[in-house]
Amino acid sequence: MREVYLGRQPILDREMRIFGYELFFRDREENFAYIKDSIEATARVVMNLLAYMDFKDIIGNKKGFINVSPEFIEGELVDLLPANKIVLEISSVEKINKFIIDSINRVKEKGFQVALDNISFNELLTPVLESVDFIKVNIKNFSDIELKELVDFLKKYSVKLVAVRVETEKDFFFTKELGFDYFQGFFFEKPTLKKERKLTSYKIALLKLLKMAILEKSMDEIAEIVKGYPDLAYKLLKYVNSPFFYLRHKIHSVKQALSFLGYQNIQKWAVLQLFASEGGDIKANPFLERAVIRGKMMEILMAKITTDIDMIEKGYITGMLSLIATVLYRPIEEILGELYIDEDIKKAILNGEGKLGKILSAIIALEKDDIDRARESLEQLGIGLEDLLEAELEAITYYENFMESQ
């Protein structure tokens, strides 16, 4: 059986909630770079997806954007895809013709939505703009003035605009102001540090809880913090009693729940709550998703090179804490210093040092589609690129199943 791997990148709405995902199909290591947007390659990866993966495990209740060719959507395989879950994304079309427009209209009649990506914008595009649902715009290909003119032109039609390559908060706010509806990129990893932004008492309590778990203070002391916030105590009991843990008997007290989790898992849970405390639908929180997936990937890959449970646990915490600055709006060095975090974790996050650091660097490189850098980071540890891709897919599935318990 030919392996197929899959990555995904969130597409956010104007409130920074996850609207959908672009799905990146990744083949085995030796021909990773040769997946092209052709009918043959698309047919193969779609068939692999249908045969070996569950859409529910991959995209949950969100939309999945799949890159296809005009020829593919004319074929019969498109009928195997769930129309209500999939946006067919056509990219790099040099010339819009009647064949393309007719193909788009046919799949829309079947219930699919259609996106156009990486195309040349001119008056000849007008006929297709009346048929498609989304236009994706690589904002790095235009000056600010050109981008504004383009948005003004596209806003004459009923299409939704997706800004691609949104890499900073400045990019996000600028494209949002221009009128883009959705946003795709890595900007949530590079927060603007706002000194005037103060932490809520709830987040301060969570940081204190995390610090006490790191220092392994008594469960009584930790329980007192949790009990001071009824909603936090409720979340803890709900989490521990969820099907995720398959307990034979319900846990009814805060201290009992904390003792069941143990110090390492209390750390994980506290970090999770920090990411989830932004409010709104936690299942649509891109910070939370990326933190959990990084953590799980770190755990999976550490388990391939060591049997030391402590180091494996450090992997999970490293992955989650690597994004903590995005929700606390403070320098990561300052946060880690206050937490008295393990030196292995600190060096991994700040400098990419040690085994933890090399794995974290590989995961971040994969997120940015920098495969050469990911492979280079892993080679010194004896981990293959296939291991990384398998870990990514397993972590995505873990995250979706994990969210069911929240």
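Preceding this section is the structure that the text describes.
Residues numbered from 1 in each chain as written. Predicted model: local features only at pLDDT ≥ 70, side-chain atom pairs only at ≥ 80, totals over all residues. Heavy atoms only, no water.

Asker: Help me get a handle on the overall build of the protein, residues and values and all.
Answerer: When you go through the protein residue by residue, the secondary structure sums to 19 helices and eight strands. For the protein, with 406 residues in total, the buried portion stands at 55%. (Helix = DSSP H or I, 4+ residues; strand = E, 2+ residues; numbered from the N terminus. Buried < 20%, exposed > 50% of the residue type's maximum accessible area, 1.4 Å probe, protein only.)

Asker: Report on unusual backbone geometry, specifying residues and quantitative values.
Answerer: Its identity as a non-glycine residue notwithstanding, Tyr329 has a phi of 50°, on the positive side. For Tyr329, the location among the structural elements is in the loop between helix H14 (325–328) and helix H15 (332–339). Its identity is not glycine, yet Tyr340 carries a phi of approximately 55°, on the positive side. Relative to the helices and strands, Tyr340 is located in the loop between H15 and helix H16 (343–351). What makes Tyr340 exposed here is its relative accessible area of 52%.

Asker: A description of the nonpolar core should follow, citing residues and the corresponding values.
Answerer: Membership of the largest hydrophobic core comes to 139 residues, with the highest contact counts inside it found for Leu321 and Ile324. Considering every element that reaches this core, the biggest residue donor is helix H11 (residues 254–276), with twelve residues. Setting aside chain neighbours within four positions, we find Ile324 in contact with Val271, Leu274, Phe275, Ile332 and Ile335. One finds Ile11, Ala115, Val164 and Tyr182 within the second-largest nonpolar core, a separate group that totals eight residues. (Core = buried A, V, L, I, M, F, W, Y, C linked by side-chain atoms within 4.5 Å. Contact = heavy atoms within 4.5 Å.)

Asker: Give a description of the pairing of strand E4 (residues 86–91) that names residues and reports values.
Answerer: Within E4, six of the six residues are buried, which leaves the element mostly enclosed by the surrounding structure. With burial as the criterion, each face of E4 is covered, one bearing Ile86, Leu88 and Ile90 and the other bearing Val87, Glu89 and Ser91. When strand E3 (residues 63–68) meets E4, the two strands line up parallel, connected through five bridges. Pairing of Val68 across the sheet is with Ile90, part of E4. Summarising the sheet, E4 and strand E5 (residues 113–117) pair through five bridges and their orientation is parallel. What sits directly across from Ser91, in E5, is Asp117. (Pairing = 2+ DSSP bridges.)

Asker: So what's going on with the packing of H11 against helix H12 (residues 286–302)? Which residues, and what values?
Answerer: At a minimum axis separation of 8 Å, H11 and H12 run at an interaxial angle of 155°. Relative to H12, the element H11 is oriented roughly antiparallel. Considering only the axes of H11 and H12, their crossing is right-handed. Side by side, H11 and H12 meet where Lys268, Leu272, Phe275 and Ala276 of the first sit next to Phe287, Leu288, Ala291, Val292 and Glu299 of the second. The residue makeup of the contact of H11 with H12, split by class, is seven nonpolar, no polar and two charged. (Axes fitted to C-alpha atoms, helices over the stretch in contact; angles between N-to-C directions. Parallel < 35°, antiparallel > 145°, perpendicular 65-115°, else oblique. Left-handed = near helix turned anticlockwise from the far one by under 90°. Nonpolar A, V, L, I, M, F, W, Y, C, P; charged D, E, K, R; others polar.)

Asker: Lay out the pattern of salt bridges with the relevant residues and their values.
Answerer: The tally for this structure, following the rule as stated, stands at 27 salt bridges. Ionic pairing is found between Glu367 and Arg290, a salt bridge with its closest N-O pair at 3.0 Å. Placement of the pair is Glu367 in helix H17 (residues 354–367) and Arg290 in helix H12, with a sequence separation of 77 residues. Just as Glu367 is buried, Arg290 falls in that class too. Of the charged contacts in the structure, one is a salt bridge between Lys296 and Glu299, with a shortest N-O distance of 2.7 Å. With Lys296 and Glu299 both in helix H12, this residue pair falls three residues apart, about one helical turn. (Salt bridge = Lys/Arg side-chain N within 4 Å of Asp/Glu carboxyl O.)

Asker: How would you summarise the packing of H17 against helix H18 (residues 371–379) if you had to cite specific residues and measurements?
Answerer: Packed helix pairs are specified by the crossing angle of their axes together with the interaxial distance, meaning the distance between the axes. Remark: H17 packs on H18, axes separated minimally by 8 Å, with the N-to-C direction vectors making an angle of 165°. Regarding the angle of H17 to H18, the classification is roughly antiparallel. At the point where H17 passes H18, the crossing takes the left-handed sense. Across from Lys358, Ser361, Ala362, Ala365 and Leu366 in H17, the residues of H18 making contact are Ile371, Arg373, Ala374, Ser377 and Leu378. Residue classes in the contact of H17 with H18 are distributed as six nonpolar, two polar and two charged.

Coordinates in, geometry out; function isn't part of it.
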